Amino acid sequence: MNKISLLLFLFTISFSQAKQIEVCNTCEISTIKKAIELAENGDEIFIKKGVYKENDIEVNKEITIYGEEGTILDGTNNGSVLHVTANNFAIKNIKIINVGVSYTKDFAAIKVVRCENFTIENVVLDQIFFGILIEKSHYGKILNNTLSSTAKDEANSGNGIHIWHSSNMEVEGNEVFGMRDGIYFEFVTESKIHNNLSHDNIRYGLHFMFSNNDTYYNNEFKNNGAGVAVMFSKFITMYQNKFLHNWGSASYGLLLKEIYDTQIYNNLFQENTIGIKGEGCTRINYKNNTFLRNGWAIKIAGACYTNIFENNDFMHNSLDLAYNTKVNDNRFENNYWSEYTGYDLDNDGIGDVPYRPVKLFSYVVNKTPEALVLLRSLFVDIINFSEKVSPVFTPNDLMDKNPKMKKNNDSI
Amino acid sequence: MIQFKNIHKRFGKLTVLDGLDLDIKKGGIFAILGPNGSGKTTLIKCLLGMVIPNKGDITFEGKSVLKKWEYRNNLNYLPQIANFPPNLTVIELINMVKNLRPKSSNEQELIQLFGLKSFLNKKLGNLSGGTKQKVNLVLTFMFDSDLIILDEPTTGLDPISLIHLKELIQKEKEKGKTILITTHIMSFVNEVADEIVFLLDGKIYFKGSIDELKKQTNNNNLEHAIANLISKQYA
Amino acid sequence: MLKILKYSFYDLMRSRWSYVYFLFYLLLGFVLLFLNNDVNKAVITLMNIIIVLTPLIGTIFGVMYYYNSKEFTELLLAQPINRKKIFMGQYVGISLSLTLSLVLGLGIPFILYGLFKSTAIFNFTLLLIVGSFLNFIFVALSYNIALSTENKIKGFGYAILMWLFLAVIYDGVFLISLVMFDEYPLDKFSLIATMLNPIDLSRILILLKLDISALLGYTGAVFRKFFGTNFGMLISMSILVLWVIFPIFRMNRKLKRKDF
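Cut-off values and rules
Residues numbered from 1 in each chain as written. Chains lettered and ligands numbered in written order. Predicted model: local features only at pLDDT ≥ 70, side-chain atom pairs only at ≥ 80, totals over all residues. Contact = placed C-beta atoms within 7 Å. Helix = DSSP H or I, 4+ residues; strand = E, 2+ residues; numbered from the N terminus. Nonpolar A, V, L, I, M, F, W, Y, C, P; charged D, E, K, R; others polar. Buried ≥ 20, exposed ≤ 12 C-beta atoms within 10 Å, placed from the backbone. Axes fitted to C-alpha atoms, helices over the stretch in contact; angles between N-to-C directions. Parallel < 35°, antiparallel > 145°, perpendicular 65-115°, else oblique. Left-handed = near helix turned anticlockwise from the far one by under 90°. Pairing = 2+ DSSP bridges.

> Any chance you could explain the interface of chain C and chain A here in plain terms?
Interface size, as often reported, equals the accessible area lost upon joining of the parts. Each partner contributes residues to the interface: chain C has 31 residues there, and chain A has 23 residues. Put simply, the parts of the chain that give the side of chain C that touches chain A at least two residues each are α3 (39-68), α7 (152-180), α8 (187-195), α9 (198-209) and α10 (217-228) of chain C. Among the elements that line the side of chain C that touches chain A, the one with the most residues is α7(C), at eight residues. Tallied by class, the residues present in the side of chain C that touches chain A amount to 18 nonpolar, seven polar and six charged.

The following block contains the structure:
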């Protein structure tokens, strides 16, 4: 009883201490800077609707800043807008526009440096350089925000959600488009990226480097200039993501470079120039993924060891697999290949003849990329067939010994 | 009516017509004879514009025929082998040829004559060789032209049709037409021809009436007379 | 010419082979659409077939028609018609009847399937245009061969050889030269080599529209820049037209000196 009354007491104290500061164009407090000056830790700043032309607002107190429909912070193309250096803050329900562009400084709509326990939610960012820029911070949540800009080239554009040297972050439900990279992770650990939609960014939908022990799922990456890049990282889990329509001479659904001990399952790769491009990947399990109508479903370059491809569906890709090495330490098992022409006499659902996913033509194309102009030529069909009958150039042991007769997944 | 002037024609290394000169007057039946490969068909085809001579000129009714096609409206030609588009019917073919030549025609009479009525709606591909030849004859004789050229007209014909053919030829002759015939059937030549043109080594070896030929070769039988002419080639 | 065209066309339209050809495409269209349920995929499969089959059928029909109607042609030659018109009439007649088989055979199942509502309509139309071009080109080429070759068997052999060369051997030589000279920039070479073969040109035209251009890497960029623009499309179409005109031109030249 005593304990409860104590809690109640403390609660009332803290409640009575936390005050709300209202900001509006006609109020006594008409600028956000002024409001922050007046605020103390635990206070709330409510910004009423209207346009506030302010930039480089220093948020150095543990406060909640929120707005309503029509609350717009206009950075007037000059520097950053909000610059947070305090823990336990929240920013909600506001719209920030017109962040300054710089070639030397990372101007952002919301810049967060060395903070813990924070939430950025329902924020709309438009015409920005960097969107949400987070450095050396922990336990942050970035939820349901919309970030967009009209980036033209890589040099004078910034990233949507950019996180550097941080941990335990959660990026959920955001939509990012028209930026350089949609979501950017560098040295970020123990974090989750899920239910985001990243599309039409000029470089990567997701750019992910030196970040271990992270999970990303249920995201959709669509129409990005170069797709998604995941590099120099370990212990990643990726599932139920969609990698769609990354067409271009150097585009891929997913680029894996120097990745170790990673699980990739239940993803959909559709209509990408290259579904997955793997360079130096080791101990990766690919399971139950669907590769639909890509140029290459999978392209493996150099030193990829002990990768397992299991129960994936390879459907209507121009080329299923490209390999630039004869060494093969990778295993293909129980995948469905739409190009498979074998039979299943014992009706166990598994083809009786092995499938060789590397065709002679994809071997030739690897050596001479220009040869691709002969794609779907009758001559190419003929050499592919003869190579299938008696392999000379393609790795002899690279095959799916137990190809499925029907597709494994219902992802589409 | 027709003049061949110094016609040369080679097929590859083979010289077929070698400076041939020939003058055919209007009216009468001319049989063009000669051993196999003597250039009878080539000569006719030159006149028809199907074979183009290497040298020389051909005139028809006073005008050169080379590189022209309009003059063909005034001649009828019966080709050696009658082979028609197999999917057309007889009547369609007749109508088509009529359509191609802006000229009046009397095909009904000829169809009657050769008993083709029941074949009119049959496809040409299903007809026998003899029937095809009859259709061929209808196509040739249905137009009223000054010159009629018949290349082996008797092929595959039954005796009755043969009689009809001879009658037709006589009738046309009476109308003052010029008729050129090539054939190997000497009895036929004997019966219908007014004049014989004998080709040898790409030249006209003999031109004249049957009687003149017999006289020249001292032979009363036309067949032997011709054989006599041919054997001279090898002598 | 129109009269000859009309009769050649009627004649062919009644031939069993026209129906077989038409039914083949009809069946193919239905099977592809109603078993596959994916118009885009069906278009790719169709392309594979059209690129190989239309030239082959065009070649065979052309040669066969020429030799089979040789005597009839002679009959026509004795009629008061310009010989150029006779052959042009026959040529257009064959090409048209083949094109009709193609367009109707594939068009009917696609329209029944609901092509007009699909986004694939442009690709499909392009496919039919290219297929029709291939018909006209290969009938013209085979007519050329037939006109230059008296012997039926030889003519047939040459025609098949020509098809084999353009459909298979050419690409083989092309591929080998690409592999052998891969230290050199090959994009211009590939572009020209593609232009010189109507089958390759048609294939690339369709492939680029089916968005496989992105696969082509650097070469692709050059190709897409060329074919992707309206100008490139115009050039490619003009080259296909040239591929029709040039054999026709040669045919007419040949005809002037040809003995029958």
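Now that the structure has been shown, we can carry on.
> What is the right way to read the environment of A:Ile298 from this model?
All names here are of chain A. Within the secondary structure, Ile 298 is located in strand β32 (residues 296-301). The exposure class of Ile 298 is buried, given the 30 C-beta atoms found within 10 Å. For the pair Ile 298 and Gly 278, spaced 20 residues apart in sequence, the C-alpha to C-alpha distance is 7.6 Å. The residues touching Ile 298, leaving out its near neighbours within four places in the chain, are Gly 275, Ile 276, Gly 278 and Leu 321.

> Where do I start with the packing of helix α6 (residues 121-148) of chain C against helix α11 (residues 230-257) of chain C in this structure?
Axis angle and axis distance: for two packed helices, these are the angle between their axes and the distance between the axes, and together they describe the pair. All names here are of chain C. Contact geometry for α6 and α11: axes closest at 9 Å, N-to-C directions at 20°. It follows from the interaxial angle that α6 and α11 lie roughly parallel. In the packing of α6 onto α11, the handedness of the crossing is left-handed. Across the interface between the two elements, Phe 133, Phe 136, Ile 137, Ala 140, Leu 141, Tyr 143, Asn 144, Leu 147 and Ser 148 from α6 touch Leu 240, Trp 243, Val 244, Pro 247, Ile 248, Arg 250, Met 251 and Lys 254 from α11.

> So what exactly am I meant to see when it comes to the interface of chain B and chain C here?
Listed as interface residues are 22 residues of chain B and, on the opposing side, 19 residues of chain C. Of all the elements in the fold, those that place two or more residues in the side of chain B that touches chain C are α1 (40-48) and α2 (90-100) of chain B. Counting residues per element, the side of chain B that touches chain C draws most heavily on α2(B), at four residues. Per-class residue counts for the side of chain B that touches chain C are 14 nonpolar, four polar and four charged.

> Got a minute to help me understand the sheet that holds strand β2 (residues 14-24) of chain B in this structure?
Working definition: the strands of a sheet are paired by backbone hydrogen bonds and lie parallel or antiparallel to each other. Residue and element names in this part refer to chain B. Strands sit in the order β2-β1-β4-β5 across an open sheet of four strands; the sheet is antiparallel. Of all the strands in the sheet, the pair left with one neighbour each is β2 and β5 (63-64). Sheet analysis places strand β4 (residues 55-60) next to β5, joined by two bridges and oriented antiparallel. Looking at the pairing, Thr 59 lines up with Ser 64 of β5.

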